[in-house]
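Spelled out from the first residue to the last, the chains are:
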Amino acid sequence: AIALRFNLRRPGVRVIIAPMRNGLYSIHMKMLDAPGKGSGVFVLHDGVMLGGNGFTWLMGSYTFDDRGKWKGELITEPHAVVSDPAIVFESQAVSIGFSGTYTHDRAQTLNTGFVGKRSITFHATMRWLAES
């Protein structure tokens, strides 16, 4: 649940959001610097994230505050060789940094993936599916 303090926008009083929920999430990504999109699932649990899809796995860490903001970093690496031009990360390990917002059952991020000497930005939306 979301905890709120009513403040009528007075200085020094703020809205408090419940912590980022541990659990299973779906993720949907849309590339901003290149054509492409993707989806998968991952688990968030006490600052650690693990997941993937049919082509890649991911592992990373995150932090959040009590105002609905979160950020983190992760590595994603292919576990299957795919030669498809729609696969933006070109079947290689990619380091990704992100920041965004969250509520009790959804999150959004703006991400930057580093592919060789290129950086690719993309937007991701996540939906909480179940407790972990």
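Everything quoted here is computed from the prediction, not taken from an experiment.

Draft legend 1. Fine view of the nonpolar core. Formed by 23 residues in total, the largest nonpolar core has its most connected members in Met20, Phe42, Leu44, Met49, Trp70 and Met126. Counting residues per element, this core draws most heavily on strand β8 (residues 118-130), at five residues. If we skip the residues at most four places from it in the chain, Leu44 touches Met20, Arg21, Asn22, Gly23, Tyr25, Met49, Tyr62, Trp70 and Ser132.

Draft legend 2. Examining the pairing of strand β4 (residues 56-64) more closely. Both strand β3 (residues 48-52) and β4 contribute to a ladder of five bridges, which runs antiparallel. Note on β4: the bridge partner recorded for Met49 is Gly60. Connecting the antiparallel pair β3 and β4 is a turn made up of three residues. Here β4 pairs with strand β5 (residues 69-78) via nine bridges, running antiparallel. By the bridge assignment, Thr63 is partnered in β5 with Lys71. Joining the antiparallel neighbours β4 and β5 is a turn of four residues, in which Gly68 adopts a positive phi near 85°.

Draft legend 3. Structural view of the environment of Arg67. Tracing the chain through its elements places Arg67 in the loop between β4 and β5. Note on Arg67: relative accessible area 52%, which makes it exposed. When the C-alpha atoms of Arg67 and Ile16 are compared, they prove to be 5.5 Å apart, with 51 residues separating the residues in sequence.

Draft legend 4. Local environment of the packing of aromatic side chains. A full pass over the atoms with the stated rule returns five aromatic pairs. Between Tyr25 and Phe42, the ring centres sit 5.8 Å apart and the planes meet at 10°, which makes this aromatic pair stacked. A residue pair is termed long-range when its members are at least 10 positions apart, and Tyr25 in strand β1 (residues 23-31) and Phe42 in strand β2 (residues 37-45) qualify at 17 residues. Here the two residues Tyr25 and Phe42 agree in accessibility, since each one is buried. Here the aromatic rings of Phe64 and Tyr102 are separated by 6.0 Å at their centres, their planes lie at 80°, and the arrangement is edge-to-face. Taken together, the residues Phe64 in strand β4 and Tyr102 in strand β6 (residues 94-102) connect sequence positions 38 residues apart. The buried category is assigned to Tyr102, whose relative accessible area is 4%. Taken together, Tyr62, Phe64, Trp70, Phe98 and Tyr102 form an aromatic cluster joined through their ring pairs. Between Arg21 and the ring centre of Trp128, over which it is positioned, the NZ or CZ distance is 3.4 Å.

Rules used in this analysis
Residues numbered from 1 in each chain as written. Predicted model: local features only at pLDDT ≥ 70, side-chain atom pairs only at ≥ 80, totals over all residues. Heavy atoms only, no water. Core = buried A, V, L, I, M, F, W, Y, C linked by side-chain atoms within 4.5 Å. Buried < 20%, exposed > 50% of the residue type's maximum accessible area, 1.4 Å probe, protein only. Helix = DSSP H or I, 4+ residues; strand = E, 2+ residues; numbered from the N terminus. Contact = heavy atoms within 4.5 Å. Pairing = 2+ DSSP bridges. Phe/Tyr/Trp six-rings, centres within 6.5 Å; stacked < 30°, edge-to-face > 60°. Lys NZ or Arg CZ within 6 Å of the ring centre and 35° of its normal.

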